Amino acid sequence: MNNTPRANRPHIAFFGVRNAGKSSLINAVTGQDTAIVSDIKGTTTDPVYKAMELLPLGAVVLIDTPGFDDEGELGDLRVRRARQTLNKADAAVLVTDGAAGFGKEDEALIDLFKEKGIPFIIAINKNDLTECPNTSSNCERVYVSAKTGEGVHELKERLARLNLTDDPKRRLVADLVDPGDFTVLVVPIDSAAPKGRLILPQQQVIRDALEAGAAVIVVKESELRETLENLGRKPKIVITDSQAFEKVSAETPSDIALTSFSILFARYKGVLEQSVQGVEAMETVSAGDKILIAEGCTHHRQCDDIGTVKLPRWIRDYTGKNPEFSFVSGSDFPDALTGYKLIVHCGGCMLNNREMRSREERAAKQGAPFTNYGVIIAYTQGILERCTSMFS
Ligand SMILES: Nc1nc2c(ncn2[C@@H]2O[C@H](COP(=O)(O)OP(=O)(O)O)[C@@H](O)[C@H]2O)c(=O)[nH]1
Ligand SMILES: [Mg+2]
């Protein structure tokens with residue numbers, strides 16, 4: 001992992017109708033041919049992500065989206081993808097074709113930005129084609145030409161000035177440890193662990209603890225007991241992969257704080273309180289109830305195993321009931337959530353905070369209880385109180 005994780009970067013998405021010049025403008029902003037440009041309508045089929053440094057804002061992700069006016073069966077799917085992008089956009093650029101003028105889709109997009117509280121800039125593109133090129137940019141609109149580069153600098157400056165950085169007070173662990181504290185991380189190295197590296201949540205927790213001046217000791221669960229005995233000093237906190245909760249909670253003396261990576265991530269992404277409330281739905285699960293297990297990424301075997309095999313087993317064991325499980329991963333989190341008895345989401349290390357919160361809010365609006373992998377595992381093992389008591 002050489003770069004700032006994507007989920008930690010503000011996401012700036014470019015929206016607009018087909019052929020407005022969204023892809024061209026992204027390329028002009030990044031100075032690279034990242035996005036495919038074409039005069040054939042509907043060329044951009046899936047959102048395209050481009051990480052870049054946008055000073056003074058810092059590391060950001062720009063997202064190119066398919067045209068909002070796309071049509072036909074495939075077109076509808078593309079519009080759906082563009083709509084999903086609205087759930088993760090920390091800011092939006094509405095790209096319009098200056099020669100074609102403002103259409104009803106543009107108005108609809110502005111309404112959506114306002115409804116979702118997304119700060120936005122309107123980039124009126126193709127200014128090179130206008131008879132008397134407009135230069136009177138104001139606070140909401142910028143006149144640009146992706147072709148000549150005119151106005152692109154101005155657009156970048158405007159984007160960089162948007163106040164997009166997440167609440168700096170929200171930390172993974174840095175606020176739980178003091179300089180010089182010992183932090184013990186329990187990282188199982190089993191067949192499901194990726195070869196030759198640690199996974200993102202582990203890396204991020206290590207980084208955050210180091211930033212706070214704490215010492216980090218990383219062990220497998222088989223080495224935990226001996227490590228705790230020989231440390232010579234009580235660690236401030238033990239953080240484990242939640243799959244190892246049973247062994248780790250048994251071996252960690254009760255006067256040492258204990259939690260899991262996914263619980264730390266639920267807090268970091270702003271959904272911990274809701275997850276602790278949501279898990280209560282476990283008390284009333286009946287046979288046939290629908291439970292949705294949702295994963296933020298699509299490629300992680302360890303998560304896959306825990307999501308599709310272990311979690312259903314733990315839930316069945318705890319409730320003594322046989323609910324009906326369904327599984328989603330990546331961007332495929334459904335819009336319609338009514339009827340779910342419970343939604344169990346991973347820590348979401350690959351999702352930005354806005355997307356995680358939008359998923360939780362969507363569940364709340366539709367009356368579906370929402371919880372988190374670590375929270376539900378701790379709950380089924382009777383240690384949830386212990387694993388969340390350090391968050392005042
Ligand atoms: N003259 C002119 N043509 C542009 C400009 N921006 C994009 N185009 C052209 O408009 C067409 C559609 O551009 P594209 O970036 O694929 O639009 P998208 O569908 O919104 O992503 C292409 O033929 C581009 O070359 C511009 O600023 N000026
Ligand atoms: Mg495009």
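Note that the structure is predicted; figures quoted are calculated from it, not measured.

Chemist: I tried to follow the overall build of the protein on my own but got confused; where do I start?
Modeler: Summing up its helical and strand segments, the protein has 13 helices and 14 strands in all. Relative to the compact-globule value of 21 Å for 392 residues, the protein shows a C-alpha radius of gyration of 23 Å, a close match. On the principal axes, the C-alpha backbone points of the protein span a range of 80 × 50 × 35 Å. Within the span of the protein, comprising 392 residues, buried residues form 54% of the whole. A separation threshold of at least 6 residues defines the contact pool for the protein, and within that pool the share at least 24 residues apart is 71%. Summed over all atoms, the accessible surface of the protein reaches about 17,900 Å², with 48% contributed by carbon and sulfur. With 47 positive and 54 negative side-chain charges, the protein shows a spacing of 1 Å between the two charge centroids.

Chemist: Teacher, can you tell me more about empty space enclosed by the protein here?
Modeler: Empty space among the atoms becomes visible once a probe the size of a water molecule is rolled across them. One pass over the structure, following the stated rule, counts two cavities of 30 Å³ or more. Estimated volume of the largest cavity: approximately 40 Å³. Lining the largest cavity we find Gln84, Asn87, Ser331, Phe333, Asp335, Glu355, Arg359 and Arg362. No other element matches helix H11 (residues 353–365), which puts three residues into the lining of the largest cavity. Its residues assigned to classes, the lining of the largest cavity comprises one nonpolar, three polar and four charged.

Chemist: What should I look at first to understand the packing of aromatic side chains in this one?
Modeler: The geometry of two aromatic rings is summed up by the distance between their centres and the angle between their planes. Tallying each qualifying case throughout the model produces five aromatic pairs. Cluster of aromatic residues (ring-pair linked, three or more members): Phe15, Phe68, Phe113 and Phe120. Of note, Arg6 hangs over the ring of Tyr49, and the distance from its end group to the ring centre comes to 4.0 Å. A cation sits over an aromatic face here: Arg233 above Phe182, 4.2 Å from the ring centre.

Chemist: Got a minute to help me understand the packing of helix H5 (residues 200–211) against helix H8 (residues 261–268) in this structure?
Modeler: Geometrically, a packed helix pair is captured by the angle between its two axes and the distance between the axes. Close contact between H5 and H8 brings their axes to 10 Å; oriented N to C, the two are set at 70°. Classed by the angle they form, the pair H5 and H8 counts as roughly perpendicular. Of H8, the residues touching H5 (which contributes Pro201, Gln202, Gln204 and Val205) are Phe261, Leu264 and Phe265.

So, how was this worked out
Residues numbered from 1 in each chain as written. Chains lettered and ligands numbered in written order. Predicted model: local features only at pLDDT ≥ 70, side-chain atom pairs only at ≥ 80, totals over all residues. Heavy atoms only, no water. Helix = DSSP H or I, 4+ residues; strand = E, 2+ residues; numbered from the N terminus. Rg over C-alpha atoms; globule rule 2.2 N^0.38 Å. Buried < 20%, exposed > 50% of the residue type's maximum accessible area, 1.4 Å probe, protein only. Contact = heavy atoms within 4.5 Å. Areas by Shrake-Rupley, 256 points an atom, 1.4 Å probe, with all protein chains shown as cover. Lys, Arg positive; Asp, Glu negative; His and termini not counted. Charge placed at Lys NZ, Arg CZ, Asp CG, Glu CD. 1 Å grid on protein atoms, 1.4 Å probe; cavity = no way out; pocket = protein on both sides within 12 Å on 5 of 7 lines; lining within 4 Å. Points joined across faces, edges and corners; volume = space filled by probe spheres on them. Nonpolar A, V, L, I, M, F, W, Y, C, P; charged D, E, K, R; others polar. Phe/Tyr/Trp six-rings, centres within 6.5 Å; stacked < 30°, edge-to-face > 60°. Lys NZ or Arg CZ within 6 Å of the ring centre and 35° of its normal. Axes fitted to C-alpha atoms, helices over the stretch in contact; angles between N-to-C directions. Parallel < 35°, antiparallel > 145°, perpendicular 65-115°, else oblique.

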